[in-house]
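So you can see what is in the structure, the chains are spelled out below.
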Amino acid sequence: MGSVLLLIVYAAMGGGMRKPGKDVMRGKIIKGIAGFYYVYVVDIGYAVDIGQINHISDNENGDVINHGMASGNAAGISHAADIDHTARHKETAGPEGDAAEVSLCSTQKTEAGRVYECKAKGIFRKDKRKPLVGDDVEMDVLDEEKHLGNITELLPRHSELIRPAVANVDQALIIFAVASPRPSFNLLDRFLIMMARQKMDCLICFNKLDMEEGQEAEKYIQIYQDCGYRTMGISAMEGRGIQELKGLLAGKTTTLAGPSGVGKSTLINCLQSDIVMETGEVSEKIARGKHTTRHVELIALGENTYILDTPGFSSLELFSLDKEQLAGYYPEFAPYEKYCKFGGCSHVAEKECGVKDAAAEGSISKMRYENYCMLYKELKEKKVRY
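A quick note: this is a predicted structure, and the numbers were derived from the prediction, not measured.

J.: For this particular structure, what's the right way to read the pattern of salt bridges?
T.: Pairing between side chains of opposite charge can happen when the charged atoms of each approach one another. Inspection of the entire model under this criterion finds 13 salt bridges. Across the pair Glu-297 and Lys-31 runs a salt bridge, and its minimum N-O distance is 3.5 Å. One end of the pair, Glu-297, is in strand 20 (residues 297-302); the other, Lys-31, is in strand 3 (residues 23-33), and 266 residues separate them in sequence. Ionic pairing is found between Arg-240 and Glu-238, a salt bridge with its closest N-O pair at 2.8 Å. Looking at Arg-240, the relative accessible area reads 41%, which means it is partly exposed. Taken together, the shared-partner salt bridges in this structure form one network comprising Asp-135, Arg-157 and Glu-160.

J.: How should the packing of helix 5 (residues 242-249) against helix 6 (residues 264-271) be read in this particular structure?
T.: Describing two packed helices takes the angle between their axes plus the distance from one axis to the other. It is at 10 Å that the axes of helix 5 and helix 6 come closest, and there the two elements cross at 80°. With respect to helix 6, the element helix 5 is oriented roughly perpendicular. Mapping the contact onto sequence places Ile-242, Leu-245, Lys-246 and Leu-249 in helix 5 and Leu-267, Cys-270 and Leu-271 in helix 6.

J.: Please clarify how the side chain of Asp-135 should be interpreted in this entry.
T.: Looking at the element boundaries, Asp-135 is found in the loop between helix 2 (122-126) and strand 12 (136-143). Take Asp-135: its relative accessible area is 0%, and that puts it in the buried class. At 2.7 Å, the side chain of Asp-135 and the backbone nitrogen of Leu-132 are in polar contact. In contact with Asp-135, other than residues within four places in its own chain, are Gly-27, Lys-28, Ile-29, Lys-130, Leu-154, Arg-157, Ala-167 and Asn-168.

J.: Just to check I follow, could you spell out the sheet that holds strand 16 (residues 171-177) for this structure?
T.: Note: strands within a sheet are paired through backbone hydrogen bonds, in either parallel or antiparallel orientation. Strands sit in the order 18-17-16-19-21-20 across an open sheet of 6 strands; the sheet is mixed. The open sheet has two free edges, formed respectively by strand 18 (230-233) and strand 20, since each of these has just one partner strand. If you compare each strand with its neighbour and ignore which way they point, the axes differ by 25° on average. Bridging between strand 20 and strand 21 (residues 305-309) involves 5 bridges; their strand directions are antiparallel. The residue of strand 21 that forms the bridge with Gly-302 is Thr-305. Sheet contacts for helix 3 (residues 185-197): strand 16, strand 17 (201-207) and strand 19 (253-257); angle to strand 16, the most-contacted strand, approximately 175°. Of the strands in this sheet, strand 17 and strand 18 touch helix 4 (residues 216-226), which is tilted by about 170° from strand 18.

J.: Explain the packing of aromatic side chains to me, please; I cannot follow it from the model alone.
T.: Describing an aromatic ring pair means giving the distance of the ring centres and the angle of the ring planes. Summed over all chains, the structure comprises 11 aromatic pairs. Aromatic pair Phe-206 and Tyr-220: ring centres 5.5 Å apart, planes at 45°, arrangement tilted. Of this pair, Phe-206 sits in strand 17 while Tyr-220 sits in helix 4; the two residues are 14 residues apart in sequence, bridging distant segments of the chain. Take Phe-206 and Tyr-220: they sit in the same class, and that class is buried. Plain terms: the ring middles of Phe-333 and Tyr-369 are 6.4 Å apart, the flat faces sit at 50° to each other, and that makes the pair tilted. Remark: Tyr-369 occurs in helix 9 (residues 366-385) and Phe-333 occurs in the loop between strand 21 and helix 8 (354-361); sequence separation between them is 36 residues. Take Phe-333 and Tyr-369: they sit in the same class, and that class is buried. Put simply, the rings of Phe-185, Phe-206, Tyr-220, Tyr-224 and Tyr-229 touch in pairs and so form one group of aromatic residues. In this arrangement the basic side chain of Lys-119 is found over the ring face of Phe-36, its NZ or CZ atom lying 4.8 Å from the centre.

What counts and how
- Residues numbered from 1 in each chain as written.
- Predicted model: local features only at pLDDT ≥ 70, side-chain atom pairs only at ≥ 80, totals over all residues.
- Heavy atoms only, no water.
- Salt bridge = Lys/Arg side-chain N within 4 Å of Asp/Glu carboxyl O.
- Helix = DSSP H or I, 4+ residues; strand = E, 2+ residues; numbered from the N terminus.
- Buried < 20%, exposed > 50% of the residue type's maximum accessible area, 1.4 Å probe, protein only.
- Axes fitted to C-alpha atoms, helices over the stretch in contact; angles between N-to-C directions.
- Parallel < 35°, antiparallel > 145°, perpendicular 65-115°, else oblique.
- Contact = heavy atoms within 4.5 Å.
- Polar contact = N/O pair within 3.5 Å; in protein donor to acceptor, adjacent residues only side chain to side chain.
- Pairing = 2+ DSSP bridges.
- Phe/Tyr/Trp six-rings, centres within 6.5 Å; stacked < 30°, edge-to-face > 60°.
- Lys NZ or Arg CZ within 6 Å of the ring centre and 35° of its normal.

Structure, rendered in structure tokens:
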């Protein structure tokens, strides 16, 4: 009998190779603490022993039908029910794979929605590759009962943020409250600049519309919409605007950021579906024997929809930015720069400046312009100190 390969067939994503004696699954890192990585399994997998597998499916009567050879992959298995049939089905072939008997046995279902505590292979350190929250990975299951595993492969990333250090993020949701605490627009602008430097789309969300100061939200929303940012208002407490927000998050991985006290936890509870992840199991798994320092955590909201909860921030430094670059992160300045007398105008000290005039006339937000001047001064002083 020819050599038998092991294949893990994923109901959601297709197939992948696995090593003998171990279950291989594909999942996503939702948290990392002190060298341990917690992997959320996003597929329903079926492990089968296979060399060359026949294309097998079932008809409307549930009968197994052989459609011919599918070499070394899962192309012949159309859905999970087919796998159950193959567990009791044999085909005859020769010793070279086209004439050898292939026994499709040891079929095992692997549950979706479980969290596995994993260590990463030492080869990652040698190659200077560090697993990040948000990484899609392949893992060997070491102990199914205890949900222990070993990360064997980091799958390609389509994005990587430096702060917060996360992978495969599609957009940032920046949440501020209209009151309690009052929004710091200087801090908001800093975060928008930081995300723009990492080429990340942003969605600004003003929470707590249910409070008396909620009427102020429309003014804040208009300011940032006029600058080209997607901006909306919600009340996580009342559920107002949550359905619209869910639509903007669907099918994406979103990093959630904002100061402490703005209602991030309440918002996550509004967004999270009980059927997606058993939060009790996840909390117990992550908390067991680990310290309590807050870390970035990925939470499943729906199919291919995740949100990354990050620790609250109260300040952000922009020391990696040169003062001459700052104006480029205020997109509303661009139409008025042609009216500046001097090329390379800083828009701060010059007397004849189109941007300064636009702010004075109300064509651009005076608040945003004042934030720009404060940040410009900070960056200028940074050069003197360093």
